[in-house]
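Residue-level structure breakdown
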Amino acid sequence: MAEIIMLASGKGGTGKSTVSVLLGAALAARTLRVLLVELDSGLRSVDVIAGVCGKTVYDVEDVLCGRCSPEKAVVESPLYKDLFIISAPYSGGHISAPALRAFVEKLSPAFDFILIDTAAGMGAPFEAARDVCAQAILVLTPDPVAIRDGRIVADALYESGCPRTRLLLNRVPRSLEGTGVADLDECIDVVGAQLLGVVPESAQIMRAAASSARLEKDCTAARVFAAVARRLCGQDTPLVIT
Ligand SMILES: Nc1ncnc2c1ncn2[C@@H]1O[C@H](COP(=O)(O)OP(=O)(O)O)[C@@H](O)[C@H]1O
Ligand SMILES: [Mg+2]
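The notes below deal with the structure included here.

Side note on the packing of aromatic side chains
Here the structure, examined in full by the defined rule, presents one aromatic pair. Consider the rings of F84 and F111, whose centres lie 5.7 Å apart with planes at 70 degrees: the pair is edge-to-face. Pair noted here: F84 is in strand β4 (residues 83-86) and F111 is in the loop between α5 (97-107) and β5 (113-117), with a separation of 27 residues, a long-range link. In this pair, the class of F84 matches that of F111, namely buried.

Here it is, written out as structure tokens:
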């Protein structure tokens, strides 16, 4: 059965979808089968980052509403072998928690990991994902608003009994001067979650995501995601690669 992990944040635009794809790719590179489910209805971006834009006929809402079978909506990324994608709808869409649960339970035996990329905040996608996930990754940028909102989400996850919430700091600049946070320890202390990884601000990530291209194999960001994937697989791995 798959390990099911949700990616969440309080503030929008912290990089949940980008991290979902690149972490999924790093897990898939370890010959694991990974399904990435995007729940951010109306604001889809995973299709572009994973290179499946225009290749998907059905989306997650079609599946959850019973308009098509899950198998029909799942597409393998042409950029990252063994990473399978199911996109959010282009517009609207209601995410029903029982339907998501049934969908995840059906596909779980076919995958090693199911990553659920939620929308910012704690609306219906967050609640539906929380219902099926035993683990959460908070994807936050090192700025006071993202960190404060991340704490609120971490508390909500804790109160709902999510047994494991970890922090992934994204878009971390070489120097934190002017960001409003003193150091990474401050982020960890405010959020109150174990640090899973530190992804740098990366021109390679931005370029790859914007042009539906594969992330360069040996760039720093790719090595960071490989390390995060190893940690998720239970291997003892140094946290930060510079
Ligand atoms: N580590 C990074 N370095 C540079 N740009 C990034 C990084 N992570 C995300 N981005 C960029 O940030 C923007 C928002 O990312 P996205 O994944 O869509 O956020 P979210 O899903 O949280 O709304 C995108 O333009 C993406 O390319
Ligand atoms: Mg997103």
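Re the pairing of strand β8 (residues 194-200)
Within β8, five of the seven residues are buried, leaving the element largely enclosed by the surrounding structure. For strand β7 (residues 164-172) and β8, the ladder comprises five bridges, and the chain directions are parallel. In the strand pairing of β8, L168 is matched with G197. Of the crossover connections in this fold, the one passing from β7 over helix α8 (residues 184-191) to the parallel β8 is right-handed.

Comments concerning the nonpolar core
By size, the foremost hydrophobic cluster in this structure holds 48 residues, and its most contacted members are L35, F103 and I116. Ignoring sequence-local partners within four residues, the contact set of F103 consists of L35, V37, V63, L64, P70 and I86. Membership of the second largest hydrophobic core comes to 41 residues, among which are Y80, I137, V199 and L232.

Cut-off values and rules
Residues numbered from 1 in each chain as written. Chains lettered and ligands numbered in written order. Predicted model: local features only at pLDDT ≥ 70, side-chain atom pairs only at ≥ 80, totals over all residues. Heavy atoms only, no water. Phe/Tyr/Trp six-rings, centres within 6.5 Å; stacked < 30°, edge-to-face > 60°. Helix = DSSP H or I, 4+ residues; strand = E, 2+ residues; numbered from the N terminus. Buried < 20%, exposed > 50% of the residue type's maximum accessible area, 1.4 Å probe, protein only. Pairing = 2+ DSSP bridges. Right-handed = clockwise from strand over helix to strand, strands pointing away. Core = buried A, V, L, I, M, F, W, Y, C linked by side-chain atoms within 4.5 Å. Contact = heavy atoms within 4.5 Å.

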